[in-house]
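# Structural overview
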Amino acid sequence: MPVAIVTGAASGIGLALTKHFLEAGWKVTMADMNVEAGTKLAAELGPSAFFKKADVSSWDDQAALFRETFEKFGSIDYVAANAGIDDRQLLYEDVYETVDGVQVPVKPNLKTIEVDLNGPIYSLWLAVFYFRRNPAGKKGKVVITASNAGLYPFPTNPQYASCKHAIVGLVRSVAPIFIKENITVNCICPAFVETNLAPKDLLRRMPREHVTPMSTVLRAFQSFADDDALTGQAAECSLGDIFYRPVLPYPNESERWMFEESHKIWEAGYNQS
Ligand SMILES: NC(=O)c1ccc[n+]([C@@H]2O[C@H](COP(=O)([O-])OP(=O)(O)OC[C@H]3O[C@@H](n4cnc5c(N)ncnc54)[C@H](O)[C@@H]3O)[C@@H](O)[C@H]2O)c1
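What comes next concerns the included structure. (Residues numbered from 1 in each chain as written. Predicted model: local features only at pLDDT ≥ 70, side-chain atom pairs only at ≥ 80, totals over all residues. Heavy atoms only, no water.)

Our next topic: the site of the ligand. In the vicinity of the ligand there are 27 residues, among which Ser11, Asp32, Asn82, Tyr160 and Thr195 approach most closely. In this structure, an oxygen atom belonging to the ligand sits 2.6 Å away from a side-chain N or O atom of Thr195. When the ligand is considered free in solution it has 830 Å² of accessible area, and contact with the protein chains removes 91% of it. Secondary-structure elements contributing two or more residues to the shell around the ligand are helix 1 (12-23) and helix 5 (158-178). Each residue belonging to the shell around the ligand can be placed in one class, and the counts come to 15 nonpolar, nine polar and three charged. (Near = heavy atom within 4 Å. Polar contact = N/O pair within 3.5 Å; in protein donor to acceptor, adjacent residues only side chain to side chain. Areas by Shrake-Rupley, 256 points an atom, 1.4 Å probe, with all protein chains shown as cover. Helix = DSSP H or I, 4+ residues; strand = E, 2+ residues; numbered from the N terminus. Nonpolar A, V, L, I, M, F, W, Y, C, P; charged D, E, K, R; others polar.)

This part takes up the sheet that holds strand 8 (residues 184-190). The strand order across the open sheet formed by eight strands is 3-2-1-4-7-8-9-10, and the pairing between neighbours is mixed. Of all strands in the sheet, those with a lone pairing partner are strand 3 (49-53) and strand 10 (241-244), marking the two edges. The mean angle between the axes of side-by-side strands here comes to 20°, regardless of whether they run parallel or antiparallel. One ladder, built from five bridges, connects strand 7 (residues 141-145) with strand 8; its direction is parallel. Bridge pairing links Ile144 to Cys187 in strand 8. Contacting strand 2 (27-32) and strand 3, helix 2 (residues 35-45) runs over the sheet at an angle of about 170° to strand 3. (Pairing = 2+ DSSP bridges. Axes fitted to C-alpha atoms, helices over the stretch in contact; angles between N-to-C directions. Contact = heavy atoms within 4.5 Å.)

Turning next to the pairing of strand 1 (residues 3-7). Among the five residues of strand 1, five are classified as buried, and the element is accordingly described as predominantly covered. Burial of strand 1 is two-sided: the residues Val3, Ile5 and Thr7 facing one way and the residues Ala4 and Val6 facing the other way are all buried. Where strand 1 lies against strand 2, five bridges are found, and the strand directions are parallel. Of the residues in strand 2, the one forming a bridge with Ala4 is Val28. On the question of chirality, the crossover connecting strand 1 to the parallel strand 2 by way of helix 1 is right-handed. When strand 1 meets strand 4 (residues 78-81), the two strands line up parallel, connected through three bridges. When the bridges of strand 4 are listed, Ala4 appears paired with Tyr78. (Buried < 20%, exposed > 50% of the residue type's maximum accessible area, 1.4 Å probe, protein only. Right-handed = clockwise from strand over helix to strand, strands pointing away.)

Tracing the backbone shows Thr195 in the loop between strand 8 and helix 6 (200-205). One polar contact links the side chain of Thr195 to the main-chain amide nitrogen of Leu197, over a distance of 3.1 Å. Those residues in contact with Thr195 that sit more than four places away from it in its chain are Gly12, Ile13, Leu203 and Met214.

As a further point, take the environment of Gly269. Along the chain, the position of Gly269 falls in helix 9 (residues 263-269). For the pair Gly269 and Asp227, spaced 42 residues apart in sequence, the C-alpha separation works out to 34 Å.

Attention shifts here to the packing of aromatic side chains. The description of an aromatic ring pair rests on the distance of the ring centres and on the angle between the ring planes. For the structure on display, the rule yields eleven aromatic pairs. Measuring from ring centre to ring centre gives 6.1 Å for Phe154 and Tyr160, while their planes differ by 55°; the resulting arrangement is tilted. Taken together, the ring pairs connect Phe66, Phe70, Phe129 and Tyr130 into an aromatic cluster. Sitting over the face of the ring of Phe50, Lys72 holds its NZ or CZ atom 4.9 Å from the ring centroid. (Phe/Tyr/Trp six-rings, centres within 6.5 Å; stacked < 30°, edge-to-face > 60°. Lys NZ or Arg CZ within 6 Å of the ring centre and 35° of its normal.)

In this section: the pairing of strand 6 (residues 102-105). Examined bridge by bridge, strand 5 (residues 96-99) and strand 6 share four bridges and lie antiparallel to one another. Opposite Val99, over in strand 6, you have Val102 as the bridge partner. Counting the residues between successive antiparallel strands, the hairpin from strand 5 to strand 6 contains two residues, one of them, Asp100, with a positive phi of roughly 50°.

This part covers the environment of Asp226. Among the structural elements, Asp226 can be located in helix 7 (residues 214-226). Taking the relative accessible area as the measure of exposure, Asp226 reaches 56% and is therefore exposed. A polar contact is formed between the side chain of Asp226 and the side chain of Gln222, at a distance of 2.8 Å.

Time to look at the pattern of salt bridges. Using the criterion set out here, one finds 16 salt bridges in the structure. Because the salt bridges share partners, they merge into one network encompassing Glu253, Arg256, Glu260 and Glu261. (Salt bridge = Lys/Arg side-chain N within 4 Å of Asp/Glu carboxyl O.)

None of the figures reported here should be taken as evidence of function without further support.
Structure representation (structure tokens):
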């Protein structure tokens, strides 16, 4: 049976995905910072669920998470790099301190970037390392939880939107390379889903007809488990539908050539084989 790592597994999408995989007979390492909820949930979910405390923005935590999972279960087949947070510093604020009577800027809080972008990159890096060491050459799948805010501007949470856009660019960029090793890398871009991410007041205000059911998001995760040909995809999940979004159309022939036919030139220039 496949082995999955799910980050942000103590709540919302990560918890729903954990239950989904366990119901299918998978083994799941549930990673989260919330030790109390994670420990309790894993105990309730049974012996195929294993909780490991990990802050995804910490390399050491993620390295230990992957190592322990591989040693415990003997392989890692599917990594859902799902943990995420909203903005912790609004970029529109005028934040300063006064030093010797002069207003000086304060370093912005970029925790969102550390969790929502560095975190998935650590997960991808570690996933590939262990996939390459899976028994009998079995390779694996990485699915990162981006957002519909990775496809459209999102003024209330610009740091979040930056990370989610970056994730879409990341999976589209690495997928053509990793597929040569039978490793697929995709992301999902859910619209608004009822979880603990958004403030309670926002949940109360959001019209029900614009809330995407968890079942759509789970179908997208499952599609990447089922279909080995799906890679480099951004699966927009809205209401009952999944849209595998194409890249932007090229505005001229040169741009098409640059991204579809010039790889050998770039690889030679960067000395990559
Ligand atoms: N809910 C939505 O509407 C929505 C829409 C699009 C994308 N997403 C994305 O879905 C993912 C999951 O969010 P959710 O909606 O289920 O939220 P949630 O708040 O219900 O769950 C997130 C979980 O991640 C954990 N977490 C937070 N920071 C962490 C860290 N540094 N290391 C490890 N775990 C951490 C939290 O403890 C929590 O258990 C996020 O990446 C989010 O950006 C959510």
